[in-house]
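Commentary on secondary and tertiary structure
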Amino acid sequence: PHLAGANLSGLILNGFNISGVNFHGANLSNVQIDLAVPTPVTDTWVQDILYAINSIDRKHKEIKISLMLQVLNILESNPEIISSTSTMKILKNDLLKNNLIYRENPTIFYFIFKHFISSIVTDMNDKCVAILTNEEISAFAKYITELSENRSAMKPISDKHQFMLDNNGFFIQFIYHCKT
């Protein structure tokens, strides 16, 4: 379905299936969308929902964030899909690519940390950081800022200083890589 250029201003869409919908250029001012949850949640659904969210213009950032929060809640409540490597790869690429949109939201940022960053930091503690993509570098820079400034998104980590000490190889490599 294509809603490109449509005027949806002020609509309240409850249980709306946006899977695969193209919203490019649509007027979504004051729109409220409550996603329909499919049974079962599949990789294809995740990919189609991300397509729809990505088609929304950046000027509707609050709608993109609201929809992404709903997607993450749906995934968190479906352990079989969140444990799917292919789903998480699709989601990781999308969240890191759109890092600037989502990183200000503490819930989304913590999801990124919990499911992607913490395991990469631990895995890369003894490996070379130079293989990171630009999107991953951007996410890690935000992550380090959150840790060092003790912001709310990082509160679920009980001992931030110990985490950084335990993974100091990663942090040293990261700082070196950013300076070169």
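Each remark here, short or long, concerns the structure printed above.
So, here's what we can say about the structure. Sequence order as written defines residue numbering, which begins from 1 separately in each chain. This being a predicted model, a pLDDT of at least 70 is required before a residue's local features are given, and a value of 80 or more before pairs of side-chain atoms are given or counted; all residues contribute to the totals for chains, interfaces and linings. Hydrogens and water are ignored here; the side-chain numbers use all heavy atoms of the structure.

Section: the nonpolar core
Only buried Ala, Val, Leu, Ile, Met, Phe, Trp, Tyr and Cys residues count toward a nonpolar core, and they belong to the same one when joined by side-chain atoms within 4.5 Å. Residue burial is assigned from relative accessible area. The probe radius is 1.4 Å, only protein chains are included, and a residue is buried under 20% of its type maximum, exposed over 50%, and partly exposed in between. Grouped together as the largest cluster of nonpolar side chains are 39 residues, with contacts concentrated most on Ile18, Phe23, Met68, Leu91 and Leu95. The helix count covers DSSP runs of H or I at least four residues long, the strand count covers runs of E at least two residues long, and both are numbered beginning at the N terminus. Those elements that place two or more of their residues in this core are β2 (32-35), α1 (43-55), α2 (61-76), α3 (79-82), α4 (85-97), α5 (99-102) and α6 (106-124). Broken down by element, this core gets its largest block of residues, eight residues, from α2. Throughout, a residue-residue contact means that at least one pair of heavy atoms, one from each residue, lies within 4.5 Å. What Leu95 contacts, discounting residues up to four positions off in sequence, is Met68, Leu72, Tyr102, Ile108, Phe111, Ile112 and Phe116. Counting residues in each nonpolar core, the second largest holds eight residues, with Phe109, Ile137, Tyr143 and Phe170 among its members.

Brief notes about the side chain of Asn105
Following the sequence through the fold, Asn105 ends up in the loop between α5 and α6. Assessed through its relative accessible area of 15%, Asn105 is described here as buried. Among the polar contacts listed, one links the side chain of Asn105 to the backbone nitrogen of Thr107, at a separation of 3.0 Å. Once residues within four sequence positions are removed from consideration, Asn105 is found in contact with Ile65 and Leu69. Counting of polar contacts relies on pairs of N or O atoms within 3.5 Å, with two restrictions inside protein: one atom must be capable of donating a hydrogen and the other of accepting it, and residues adjacent in sequence are counted only when both atoms are side-chain atoms.

Description of the packing of α2 against α4
Axis definition: a line fit to C-alpha positions, over the contact stretch in the case of helices; interaxial angles, taken between N-to-C directions, run 0 to 180 degrees. One way to put it is that α2 packs onto α4 with a least axis distance of 13 Å and a crossing angle of 155°. Between α2 and α4, the angle is such that the two are roughly antiparallel. Note on packing geometry: the crossing formed by α2 with α4 is left-handed. Of the residues in α4, those in contact with Met68, Leu72 and Leu75 of α2 are Thr87, Leu91, Asp94 and Leu95. In what follows, roughly perpendicular refers to angles from 65 to 115 degrees, roughly parallel to angles under 35, roughly antiparallel to angles over 145, and oblique to any angle outside these ranges. Each crossing gets its handedness from the near helix: less than a right angle anticlockwise from the far helix is left-handed, clockwise is right-handed.

Quick notes on the pairing of β2
Covered by surrounding structure in β2 are Ile33 and Leu35 only, the residues Gln32 and Asp34 on the alternate face being uncovered. We treat two strands as partners when DSSP finds at least two bridges between them. Both strand β1 (residues 12-16) and β2 contribute to a ladder of four bridges, which runs parallel. Looking across to β2, one finds that Ile12 is bridged to Gln32.

As for the environment of Ile81
Tracing the sequence through the fold places Ile81 in helix α3. The class for Ile81 is buried, based on a relative accessible area of 6%. Separated by 39 residues in sequence, Ile81 and Thr42 place their C-alpha atoms 6.7 Å apart. Apart from residues no more than four positions distant in its own chain, Ile81 is found in contact with Val41, Thr42, Asp43, Leu75 and Thr87.

Looking at the packing of α1 against α2
Two elements in contact, α1 and α2, have axes whose closest approach is 10 Å; the angle formed by their N-to-C orientations is 170°. Considering the angle they form, α1 stands roughly antiparallel to α2. Taken together, the residues of α2 that come into contact with α1 (itself represented by Trp45, Val46, Ile49, Leu50, Ile53 and Asn54) are Lys64, Leu67, Met68, Val71, Ile74 and Leu75. Across the contact of α1 with α2, the residue classes tally to ten nonpolar, one polar and one charged. When residue character is reported, Ala, Val, Leu, Ile, Met, Phe, Trp, Tyr, Cys and Pro are called nonpolar, Asp, Glu, Lys and Arg charged, and the others, Gly included, polar.

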